[in-house]
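Coordinates in review
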Amino acid sequence: MLYSINNMLFRDDDIYMTESPTRGSHLYNFEKFKECHELIASHGDIHILGIVAGEIENYPELTKYIKEHQKEMMFAVHGWMHYDYSLWKADKIYKSMMRAKNKITEVFGEVPQWYFPPWNRRNDEVMKAALEAKLRVSDNYVTPDQYLMGQRGELMLFHYWSENIIPEIKKYYELSNLHSNE
Ligand SMILES: [Zn+2]
């Protein structure tokens, strides 16, 4: 087992989401999720799952897999559905966030600590709701592309379903290993 070089947390959005809310294209891909998770876990890193909680019941095979690998993961709320909460009022956002938070807690026996905003859209109403729901929001993130360009952050933001993610994460680890040998 290798050790994490940069203490980077891997923020993976859209877990359980069937299709893109923007383009309607199919996103859910169990095999790709597993491949991505195994790559991250094999380097000793923590994979934080931004869960679309209203879709959990649709994919029991994913729930089973997550439960078997839960020690290598943390949970975040990515909405009940992939809603743009920035268009809502704080009390309505809070209710929807709590519905998602409670669902994740009920299924996995672990309380999610984070809120990952869909499309990263956030404003005062969203922040107020997240604070009340005791969910942490962090803007300190980089995409794999940005990391490879030299930027650093607390979170690596990506989507397991995206086309080039496996080679990008592999490149990230190659680069991290280079630095660790300097
Ligand atoms: Zn998303």
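Structure: see above.
Residues numbered from 1 in each chain as written. Predicted model: local features only at pLDDT ≥ 70, side-chain atom pairs only at ≥ 80, totals over all residues.

1. Notes on the nonpolar core
Counting 45 residues, the largest nonpolar core has Ile51, Ala53, Ala76, Val77, Met97, Tyr115 and Met156 as its most contacted members. Considering each element in turn, this core owes the most residues, 5 residues, to helix α3 (residues 90-108). If we ignore the near neighbours within four places in the chain, the residues touching methionine 97 are Val77, Tyr115, Ala129, Ala130, Ala133 and Leu135. (Core = buried A, V, L, I, M, F, W, Y, C linked by C-beta atoms within 7 Å. Buried ≥ 20, exposed ≤ 12 C-beta atoms within 10 Å, placed from the backbone. Helix = DSSP H or I, 4+ residues; strand = E, 2+ residues; numbered from the N terminus. Contact = placed C-beta atoms within 7 Å.)

2. Some points on α3
With 19 residues, α3 should cover 27 Å at 1.5 Å per step; its first-to-last C-alpha distance of 26 Å lies within 8% of that length. Of all the positions in α3, only Ile93, Tyr94, Ser96, Met97, Ala100, Lys101 and Ile104 are classed as buried. Contacts made by the buried residues of α3 are with β2 (47-51), β3 (73-77), β4 (114-115) and α4 (124-132). Just downstream of α3 lies glycine 109, where phi reads positive at about 65°. (Expected span 1.5 Å × (residues − 1).)

3. Some points on the environment of isoleucine 56
Relative to the helices and strands, isoleucine 56 resides in the loop between β2 and α2 (60-68). The class for isoleucine 56 is buried, based on 20 C-beta atoms found within 10 Å. Once residues lying within four places of it in the same chain are set aside, the contact partners of isoleucine 56 are Tyr16, Thr63, Lys103 and Val107.

4. Description of the environment of alanine 100
Position of alanine 100 among the secondary structure elements: in helix α3. With 53 residues separating them in the primary sequence, alanine 100 and glycine 153 have C-alpha atoms 26 Å apart. Look past the residues within four positions of alanine 100 in its chain and what remains in contact with it is Ala53, Val77, Gly79 and Trp80.

5. Considerations on the sheet that holds β2
Spatial strand order, β4-β3-β2-β1-β6-β5: 6 strands in an open sheet with parallel pairing. Two strands bound the open sheet, and with one partner strand each, they are β4 and β5 (141-142). Looking at chain direction, strand β1 (residues 9-15) and strand β6 (residues 155-158) are connected through 4 bridges and run parallel. The residue of β6 that forms the bridge with arginine 11 is leucine 157. The strands touched by α3 within the sheet are β2, β3 and β4, with β3 carrying the most contacts at an inclination of about 155°. (Pairing = 2+ DSSP bridges. Axes fitted to C-alpha atoms, helices over the stretch in contact; angles between N-to-C directions.)

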